[in-house]
Each structure stands twice: as structure tokens, then as C-alpha cells.
Amino acid sequence: MAGPRTVLLRFLPALATVAFFVAALVASDTSLGDIGRYAFYVLWGVLLPGTLVYRSLRRRAHTLIEDLAFGAVTGLALELVAWAVFMALGIQSAVTLWPLAVVIPFAAVPRLRRHWRVRDYTPVPMGWSWSIAATVAAATGYLYRVYMDRNPVLPLNDQTRQFVDVSYQMSLAGNAKHNFPLTLPQVSGEPLEYHWFAFVHEAMTSMVGHIDLPVVQLRLMIPALVALTIVITAVVTWRLSGRAWAGPVAALLIFLVGEFNAGPAWTPFGSPQTTLMIWASISMTYSIPLLVALIGVVGEGLRERSADDPVPALGRTAVITFVALFALASCAAKATSVPVTLAGLALAGLVVLLRTRRIPWLIVGMGGAVGAAQLFSTAVIFNFKSYGLKVAPLSNIQGLWADPSDVRTGLGQLVLVALVWFAFLINTQLRLAGALPLLWRGKLKLDSVQWFLLGGTIAGPAVYLLLNGWNSSYFTHAGLAFGVILSGWGYAEAFERAGLSARGRWLLAAASVLFALTLTWVFVVHGAGWQHRVEHAIATRHPAPGSLLGAFASSSTGSGPAAALAPMVAAGLALLLLAVVGGLLWWLAARRFTALRRCGTVVLLSAALLAGAPTLVSDLRTPKWDATVWGSFPLPAGKVDAARWLRAHSEPSDVIATNEHCWSPDDFQDPTASCTDYRTFAVSGYSERSVLVEGWGFAPRVMAMGDAGGAGPAFWDAGLLKKNDAAFYAPTAALLDELRDRHGVRFLFANRKAGAESGELKKLADPVFDNGRIAIYEIRGAHGNR
């Protein structure tokens, strides 16, 4: 039995990570009480029930970290079921007790009782544990710098700004605390045909942990989900590849190594897979650990095992159960997860069918379970809506080589098209280069798991290229989850084949760090000016249309849309040339020095996988996606204070009416400015109440028109909007009675910056709150009619 000192050393990486996590929260003004309540929620509401259920279904234990990682994801999936049951029964006030549905049977039934304590775990290498701990700590530090430290939990004053999506996402979480199924909080009663499972998780965190929603969203939820993603990626990669050290490589690639860029963090190919989307898209961040776990159990079902396999099998029952559970949880966590998984299964099934001439019934069964989850989300959650996505091949990138002035030569256009494709591959796929040795060495004779991973890896960006719109790039993110596992696997195999000595491993590590630091220094210090130089050269030198520089111009006087790619392309080509020259010199040197033989591949792969390392560092220095600048909206403290007063003095069934329907970039400094951008969500977000008509820019029926910018069409029910606004500017007793009796409106939230309310309103309704900026009125008789 291990002594206390051994146990302490074994758990030291985890303890250090938790300490760093807590320090980051405290440094960003999170109270110790909230941190303690969140710890209770994680342990009681996620880890305990999830780990017990996972242990009871898997055949044999592997490692403690695997039990806890899969247990956490299982807990997230079970949480959705618990929410649905408690909400349907109308007993959400007792939802803190839901884990008892698992705890009591596991305490009472002798066969289940043994799962409380497991003794036969495989020890995890200390280097492995410290690698994962360092990755989680680095991710937490990054999020602290670009998100937590830049966003106060509540606005500090009337000049505070906030990223556009935050209050919208918070409004959905608030709705999930009181409604089943969810509705659109900004338009009372409007169905929410959207992937909303992430907001159920946010709501459950608030309800089970008794934590304020802004604290959950702006402090606790995002770094915790990122940490879980890193750990579950490492665990799944270890399980599927059978190589422990493939796990830390994949974990590094899924977050800390970003898109390849040669300057400030930016991507021309849809939403970035790191930087902005990690904290701005809660649904994506929530969906990735669920998707990785789904990949893990599907891959486990496909895995061909040998008698001396170091990773014990989960068992057929566990595979079938968890494929169904994780697919169901993933289907409306993010709409892109399940289709990419189905593509991977389809490719694996086709290969097995051609290879064996037999129907692979297990693959068919898993595909049926995943397909059923997709059908459920399509029919029940999304109501067959596509959210504006349409088949439009290459529409997302062909604008980069557009030549509206027809000034390029045929050769110049051909060169530019090739360079755009080159930029797409290195920007979005370079960190997946570790998969190449698997494909090259095996001459595409992959096993079923690898075909499954390759299918998902290809399907993600392929669907992005097939469809239209910025939102289609989330398919690329889903493909990344498959790709990093395959890349970590391939790199681990290449590392093993290199047979490096201890000295060689240290030299490789030192050279990799030096390369990453040098590249970061070059890109961060000098990259910011490259774009300006390219555009200046095109504007002043008037390069020939057939020249390399001229290919980036779409007119004789200015740069084209592809000019923004020039620094990335130049850096990529320079590194490619360096790799070719370095490879040739290495080959020549290896003929003389035998120690260099078989090492060139792993050296080259190390450089390729680390080429995206400068991205997050660049973002740390000058955040391109600054939540307080880019895409930010005014969020005055006075408005939030009034909304939170409503939360404290109203019932969840109460409906609010407001006169504010659009976003004003200058906080309504010009009251005559036209209302064109209908993305305002603060009233519903901070009151946790439904609003009769607030901002409708993100309404599913508007998004289905392909308008993701918020400046969409006028409100679809002009008569209702007219009555809503008349309640503020031309109120009558009959109108207020109609809003109360027909639409459930109890309070009127008048933003005087958007327009001063009529003086008659004070005679017809009761003033209950006034801070100068915001006045709130209660419609008479509303109490008795609830």
C-alpha cells in the first residue's frame, strides 16, 4: 500500500492545477463563497453520479483519471435527463437533490456498492500528469487574461461594455431555469429551435450550486469546461491509440496550439477554433468534451484488441450505452457534432465492408444510435430548421480569389487560387500533421478506429466548404476533435520509431521550445506590421497582375480580399522552404552520423505541430477578439441594476415589456438614430424573465433567413410590436389590461435613453423602480391575475 507521501506526490499535479484555477478566479474578483459552491456543484452534481454510473458499466478499470474524466462527461449527460424530469414535474426547486437518484441505489445495493472505491488502477506516469496539469494551467491563464480579467461579473458603471452574445446566452440559461422546453426569452412564447443543451448546463450549475448566473457564465463555466476538454482528450487518445504519451500531445493541440497565423490572432476561414470561440461560444465549448467522449466510446467499439493490450476493454454493454447517451447529449449541445460523427462511422463502415465482405453490425448499431440522436435533434429540437445553412460549394472561400475588376492574368488567378487553398490548409489543418505518418507508413491500410477518426477529420472542413455562411465553420471545429486524436497518435508512433536516447529526447524538447519561442517572437513582434506593408506595397507599387504580389490585388489601385492572407502565405512558404532545405541537410548528415537516422520525421513533425503556438501568445498581447472592444455593446450598470431588481421582485411566469429593441453603439447618444440592429438582450438576460418583445436579431426564424448580423427584417408581428410600444408612448387603460390579461405582462421596463415614456403611464400603472435611466412600472391588477 502506498504511503501518505507517495499518495501526495501522485495527486500533486491535480492539487497544483486546482490551486492555480482558484487563484485565477480569486484574481478576477470571484468570491470564495462562489468558488466553494461551485466545488460542491461539480463534486455532487456532476462527478459523483457520473463516475458511479460510468464505473458500474465499464468492464475493468484503467486509470483513475479516466474514470473521473468519463465520469464527468457522463454526469453532464445525466444532468440533462435530471433537468428534463424535474422541470416536467414542476419541482425544479428541489433539483439539488437529483444525484440521490444515483447515490441511494449505489449505497443500498450490494452489487453497486463496490463502485464507491476502486483499487486496481493502472498508475499514471508522473510526467503525463504534470504535462496535463501544465496544459490546463496555461489554458486557465489564457482565459484569465483575455476573458475573466476583462469582463466584470456585473457592470462597474454606465460606460461598461460587453461582448454581444453574453447577455443573450445568459437569457437562455435563465429561461432554462423556469421553462420546459426552452422558449426565446426576447419574444415571449416564441419556440427556441436551437441547440440549447449548454444553457441547461449553465442553469443547472446555478440551481444545484445556488450560484448567480453572471458568476457561472463569466467566471466558472468556461475554464472548467476547457479543463475537462483537455483531460478527456488526453484520456481518449491514450485509450484509442494504446499509447499514454499520445494523450498530452492531443490535449496540447486541441487548445494551446491555435490556427497558424503570421500576425495578430485572426482567421479568414470562419470562426477561429481557439481564441474568440472558446469563451464567446458557450455551446461550442460545452459540446467538445461531449463529442470527444462520444469519439472515445465509438472508437472503443471499433478497436481491434490483442491479448497483451495494455488498455482494458470497456465492454460491449458500456460501449452501446455510452454511444447512445453521449450522442443524445451531443445532438443539441452543438448541431455540428453528430453529423461529423456519422460521417466518420460511415467511412469506417464502408472500409470494413469492403475489407471483410461482411456487414459490420456493430458499426451499423452505433450508427443507428447516433443517427437516432440526429433525427431527434432535427425533428424535435430544431423542428427541421437549418438556421440559414444552404448547400453552396466553396462560397465561404471563393470570395478570397474574386477579381471583380478583371485585372489579373490567367496565371495570376491560378496562382492566387492555389495560394488561398494553401492558406486554408495551413491555417486550419497544420496542427493535424501528426496524422501523416499513420497514412504514409501504413499506405492507407488503417485499422477501423483510424478510418473513423480520419472520416471525422475530413468531414468537418469538407462540410464547411460545402455549405454557406460563417456558422458552417463550426463543422471545422468538430472535425478538429477527431483530428487532434489522430495527430497525437501519429506523432507518438513516429516518436517511438525514432528510438531517441534520453539525451536525444531532451535535445528534441529543447529544440522544440526554442523553435516555438523564436516563431512566437517573430510573429508577435513583427507580424503586426506585415499586413500594412503588403497593402502599402500593392497601393504604391502597382505590381503587375501576373506577379506574386499582384495576385493579391483585385484592382489596379488597391488590394483585394486575399491581401490579408499574404503574411500567412509568405510565412507558410518560408517555413515550407526551410523544412525542405532542412530535410535535405538532415538526410545528408544522417549518412555520416548514424544517431540522426530515423529522427528526421519526428523533428519535422514537432516543428509542424508547434507552428500554431504563437496564436494564443499573440492574442494575450493584443487580444484581437477583445470582449470589451470587438463586437461589444454598451452594458450600463443602471440598466443591469434595474433588470436584476425585476428578477428579485417578480415571479418566473411574469412577462416584461420594454421599449428598447435595438443595439445602440453609443448608448443612444443620438435619440433620432434609426433602429437597425435588433440585438439587445440585457433585460431578459439579467432579469431571467421572458420579455414580450425585446431584440429579435437572434430569433431562429430571423437566423433561418441567413442573417447572422442582427440587422435583420422588421419584427414579424407588427401589430404586437405596435401595442408593446404604445404601452410606453401612448398608454391607455384598455391597452395595459390587454397586455396583462392576454400576454401575461406584469412590468413595463422603460429605458429613457431609447425614448422617454409618456407622463400618462404614471397614472395608469404603479411606478415601482426609478434610477433616472430606467423606470419600471407594474400594471395594476397583475398580482391577482398571475
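Cut-offs applied
- Residues numbered from 1 in each chain as written.
- Predicted model: local features only at pLDDT ≥ 70, side-chain atom pairs only at ≥ 80, totals over all residues.
- Heavy atoms only, no water.
- Helix = DSSP H or I, 4+ residues; strand = E, 2+ residues; numbered from the N terminus.
- Rg over C-alpha atoms; globule rule 2.2 N^0.38 Å.
- Buried < 20%, exposed > 50% of the residue type's maximum accessible area, 1.4 Å probe, protein only.
- Contact = heavy atoms within 4.5 Å.
- Axes fitted to C-alpha atoms, helices over the stretch in contact; angles between N-to-C directions.
- Parallel < 35°, antiparallel > 145°, perpendicular 65-115°, else oblique.
- Left-handed = near helix turned anticlockwise from the far one by under 90°.
- Pairing = 2+ DSSP bridges.
- Phe/Tyr/Trp six-rings, centres within 6.5 Å; stacked < 30°, edge-to-face > 60°.
- Lys NZ or Arg CZ within 6 Å of the ring centre and 35° of its normal.
- Right-handed = clockwise from strand over helix to strand, strands pointing away.
- Salt bridge = Lys/Arg side-chain N within 4 Å of Asp/Glu carboxyl O.

Draft legend 1. Representation of the overall build of the protein. Broken down by element type, the protein carries 29 helices and seven strands. The C-alpha radius of gyration computed for the protein amounts to 28 Å, which stays within 12% of the reference 28 Å derived for 786 residues, consistent with globular compactness. By principal-axis analysis of the C-alpha atoms, the protein measures approximately 95 × 80 × 55 Å. Within the protein, buried positions represent 56% of all 786 residues. Restricting to contacts in the protein with at least 6 residues of sequence separation, those with at least 24 account for 78%.

Draft legend 2. Up close: the environment of Lys 334. With respect to the helices, strands and loops of the structure, Lys 334 is situated in the loop between α13 (316-331) and α14 (337-356). C-alpha separation for the pair Lys 334 and Ile 282, spaced 52 residues apart in sequence, amounts to 9.7 Å. Excluding residues within four positions of it along the chain, Lys 334 makes contact with His 195, Ser 281, Ser 283, Met 284, Ser 287 and Tyr 474.

Draft legend 3. Summary view of unusual backbone geometry. Residue Pro 181 follows Phe 180 across a cis peptide bond; omega there is -10 degrees. Note that Pro 181 resides in the loop between α7 (164-176) and α8 (197-209). Located in the positive-phi region is Asp 29, a residue other than glycine, with phi close to 65 degrees. Assignment of secondary structure puts Asp 29 in the loop between α1 (4-27) and α2 (32-57). Judged by relative accessible area, which is 69%, Asp 29 ranks as exposed. Not every positive phi belongs to a glycine, and Glu 688 is a case in point at roughly 60 degrees. Along the chain, Glu 688 turns up in the loop between α25 (682-687) and β4 (690-691).

Draft legend 4. Representation of the packing of helix α3 (residues 64-88) against α13. Axis separation between α3 and α13 bottoms out at 9 Å; the angle between their running directions is 60 degrees. Put simply, α3 runs oblique to α13. The handedness of the crossing between α3 and α13 comes out as left-handed. Side by side, α3 and α13 meet where Phe 70, Val 73, Thr 74, Ala 77 and Leu 80 of the first sit next to Phe 322, Leu 325, Phe 326 and Ala 329 of the second.

Draft legend 5. Structural detail: the pairing of strand β5 (residues 745-751). With seven of seven residues buried, β5 lies mostly within the body of the structure. Relative to strand β7 (residues 774-779), β5 runs antiparallel, the two being bridged by five bridges. The residue of β7 that forms the bridge with Asn 751 is Ile 774.

Draft legend 6. Just the sheet that holds strand β6 (residues 765-770), in detail. With mixed pairing, five strands are arranged side by side in an open sheet as β4-β3-β5-β7-β6. Since the sheet does not close on itself, it has two edges, and those belong to β4 and β6, each with one partner. The sheet contacts of helix α24 (residues 637-649) involve β3 (655-658), β5, β6 and β7, and relative to β5 the element is tilted by about 170 degrees.

Draft legend 7. Examining the packing of aromatic side chains more closely. A full pass over the atoms with the stated rule returns 27 aromatic pairs. Taking 5.4 Å as the distance between ring centres and 55 degrees as the angle between the ring planes, the aromatic pair formed by Trp 128 and Trp 238 counts as tilted. With Trp 128 in helix α6 (residues 126-148) and Trp 238 in helix α9 (residues 213-241), this residue pair connects regions lying 110 residues apart in the sequence. Grouping residues by exposure puts Trp 128 and Trp 238 together as buried. Measuring from centroid to centroid gives 5.0 Å for Tyr 168 and Phe 681, while their planes differ by 55 degrees, and the two rings are tilted. You can see Tyr 168 sitting in helix α7 and its partner Phe 681 sitting in the loop between β3 and α25, a full 513 residues away along the chain. Looking at Tyr 168, the relative accessible area reads 3%, which means it is buried. When the ring centre of Tyr 474 is taken as origin, the NZ or CZ atom of Lys 334, which lies over that ring, is 3.8 Å away.

Draft legend 8. Examining the pairing of β3 more closely. Across the two faces of β3 the burial is the same, with Val 655 and Ala 657 and Ile 656 and Thr 658 all buried. Here β3 pairs with β4 via two bridges, running parallel. From the neighbouring strand, Ile 656 faces β4, where its bridge partner is Val 691. Chirality of the crossover, the property in question, places the unit of β3, α25 and β4 among those that are right-handed.

Draft legend 9. A look at the pattern of salt bridges. Counted under the stated rule, the structure contains 32 salt bridges. Among the salt bridges present, the one from Lys 177 reaches Glu 688, with a minimum N-O distance of 3.1 Å. One end of the pair, Lys 177, is in the loop between α7 and α8; the other, Glu 688, is in the loop between α25 and β4, and 511 residues separate them in sequence. The exposure class assigned to Lys 177 is buried, which follows from its relative accessible area of 12%. Residue classification places Glu 688 among the buried positions, given a relative accessible area of 6%. The partner of Arg 239 in a salt bridge is Glu 300, and the shortest N-O contact between them spans 2.9 Å. Within this pair, whereas Arg 239 is found in helix α9, its partner Glu 300 is found in helix α12 (residues 282-302), the two being separated by 61 residues in sequence. Take Arg 239: its relative accessible area is 0%, and that puts it in the buried class. Each member of the salt-bridge network shares a partner with another, and the members are Glu 66, Arg 239, Glu 300, Arg 303, Arg 305 and Asp 309.

Draft legend 10. Structural detail: the packing of α9 against α12. Running from N to C, α9 and α12 point in directions that differ by 20 degrees, and their axes come no closer than 9 Å. The orientation of α9 with respect to α12, classified from their angle, is roughly parallel. Here α9 runs over α12; the crossing is left-handed. Counting all contacts with α9, which are made through Gln 217, Met 221, Ile 222, Leu 225, Val 226, Leu 228, Thr 229, Ile 232, Thr 233, Val 236, Arg 239 and Leu 240, the residues of α12 involved are Ile 282, Thr 285, Tyr 286, Ile 288, Pro 289, Val 292, Ala 293, Ile 295, Gly 296, Gly 299 and Glu 300.

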